[in-house]
Every structure is written in structure tokens, then in C-alpha cells.
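# What the coordinates show
Chain by chain, the residues run as shown.
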Amino acid sequence: LAGGADGPGAAEKAAEAVVEAVRAELQGTKAQIYLIHGASNYPADSAASVDLNGLSRALELNVTQPARLTTLLLPLMAPGSSVLFVGSTLSEKAVGGKLSYCTAKHAMVGLMRATAQDLLWSGIHTALVCPGITDTEMVRQATAGHEHAFAEFVSELQGRMLEPSEVADAIWNVARSPVLHGAIIHCNNGQKER
């Protein structure tokens, strides 16, 4: 959805198309829906050299469109549904050189917490799942040319890179666990504090 065509209104049109497809499938009824907001970008920028386009896109992907899509899908969600946000270890920490990414992931914490209050006792729960470094295309692109140094960093920080299937399993478990409403859950194999 968020990673598709760019241009004025493209994300809004895509969100509306998704909602219309769900509405047509449900034929006027509500259903258990597990809404997972996991799109992001990973700009390399800093306070001294902010990537304004990267920051704007990060906020769009991590905050604006998740808020919009949640608003559009909530009327179709039955009790037992969930709205999950995929954050990062950097949702509660920060590192140099990732200003836009850290800012957007911190903002996602606020979005989840506000959503948790709005959905309190509704039968629909929300949570933020924060994976550690995971073997994804985004990570591989960001570390291209520095694979050996990055592998050493990951080994020292969290022992090994996570597999996407491990993160997916964690997200699926949280999606079906209303007792975790409003929680921030880290799944990172345990990370060494620095």
C-alpha cells in the first residue's frame, strides 16, 4: 500500500481501494481483521544534514497512512480484531545517522498509545511490536558494501540477525492476544545495552 505509486493522493487512493475491497468482501458485515502497519523507509540523515524528503516519507509511512487506514477500517472490525504497529528497537532508542527513521518510529509509539486509549475495552486491541535487526531487503540495501563490519556489529549487539519468519510469528501471536493491549513488545533476541 504505502510503498506503491507516488504522487499527489496516491497513498490515499490506495488506502480507499483496500478498504473498498474489504468492504465488498464482508458484504455489510463486520469481521475479525488483523491490521498490521509495517511499511517504512530507512533514510541516512542526521541533525546536521536532515533529509527532508526522507523525513516526510518516513512520517507518511509510519504515522499518517497507518492513522488513515486504521480510521477507514475500524468500522469494519469486529471484536477480536487488532491494529498492530511494527516499530523497531529504535522506537525507544536512537542512533546517529538515522534521524528520520528514529523520529518516525518514536512517533509510531505515540500513535499506538493514543490508539490504545481510543480503543480501550472495545474488543479491538493494539500493540507495537519492535523487532531488532532483521534480514530484510531494506537492511541489506542499507549495509551494502559493509557486510562484514555489519555482521560483526549485529553479532555484538544481538547475537545474530533475526529471520523475517521469527518476526512474523511474534506479530501473529500479538495479533491474537488482547491482553497485550497498549504494549510495546521487543523481539530482538536480546540486545546488549550500549
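The sections below set out a description of the structure shown in this document. As the structure is a prediction and not an experimental result, all values here were calculated from the model.

## Observations regarding the overall build of the protein
Assigned secondary structure in the protein consists of six helices and four strands. Listed by position from the N terminus, the elements making up the protein come as α-β-α-β-α-β-α-α-α-β. For a compact globule of 194 residues, the expected C-alpha radius of gyration is about 16 Å, and the protein comes in at 17 Å, within 12% of that figure. For the protein, the residues scored as buried account for 39% of the 194 residues in total.

## Considerations on the side chain of Asn188
Relative to the helices and strands, Asn188 is located in the segment after β4 (183-187). For Asn188, the side chain forms a polar contact with the main-chain nitrogen of Gly190, separated by 2.8 Å. Once you skip the residues sitting within four places of it in the chain, Asn188 turns out to touch Thr89, Gly132, Gln158 and Leu162.

## Observations concerning the nonpolar core
Ranked by size, the top nonpolar core spans 21 residues in total, and within it Leu73, Met77, Val83, Phe85 and Leu128 carry the most contacts. The residues contacting Met77, other than those within four sequence positions of it, are Lys30, Ala31, Ile33, Leu35, Ser82, Val83 and Ile124. By size, the runner-up hydrophobic cluster in this structure holds 11 residues, among which are Leu162, Val167, Val174 and Cys187.

## Digging into the pairing of strand β3 (residues 125-131)
Counting buried positions along β3 yields seven of seven residues, so the element is predominantly enclosed. Of the two faces of β3, the one carrying His125, Ala127, Val129 and Pro131 and the one carrying Thr126, Leu128 and Cys130 are both buried. As paired strands, strand β2 (residues 82-86) and β3 are joined by five bridges and run parallel to one another. Looking at the pairing, Ser82 lines up with His125 of β3. One crossover worth recording links β2 to the parallel β3 by way of helix α3 (residues 99-118), and it is right-handed. Bridge count for β3 against β4 is five bridges, and the pairing is parallel. Paired with Pro131 across the strands is Cys187, a residue of β4.

The rules behind these values
Residues numbered from 1 in each chain as written. Predicted model: local features only at pLDDT ≥ 70, side-chain atom pairs only at ≥ 80, totals over all residues. Heavy atoms only, no water. Helix = DSSP H or I, 4+ residues; strand = E, 2+ residues; numbered from the N terminus. Rg over C-alpha atoms; globule rule 2.2 N^0.38 Å. Buried < 20%, exposed > 50% of the residue type's maximum accessible area, 1.4 Å probe, protein only. Polar contact = N/O pair within 3.5 Å; in protein donor to acceptor, adjacent residues only side chain to side chain. Contact = heavy atoms within 4.5 Å. Core = buried A, V, L, I, M, F, W, Y, C linked by side-chain atoms within 4.5 Å. Pairing = 2+ DSSP bridges. Right-handed = clockwise from strand over helix to strand, strands pointing away.

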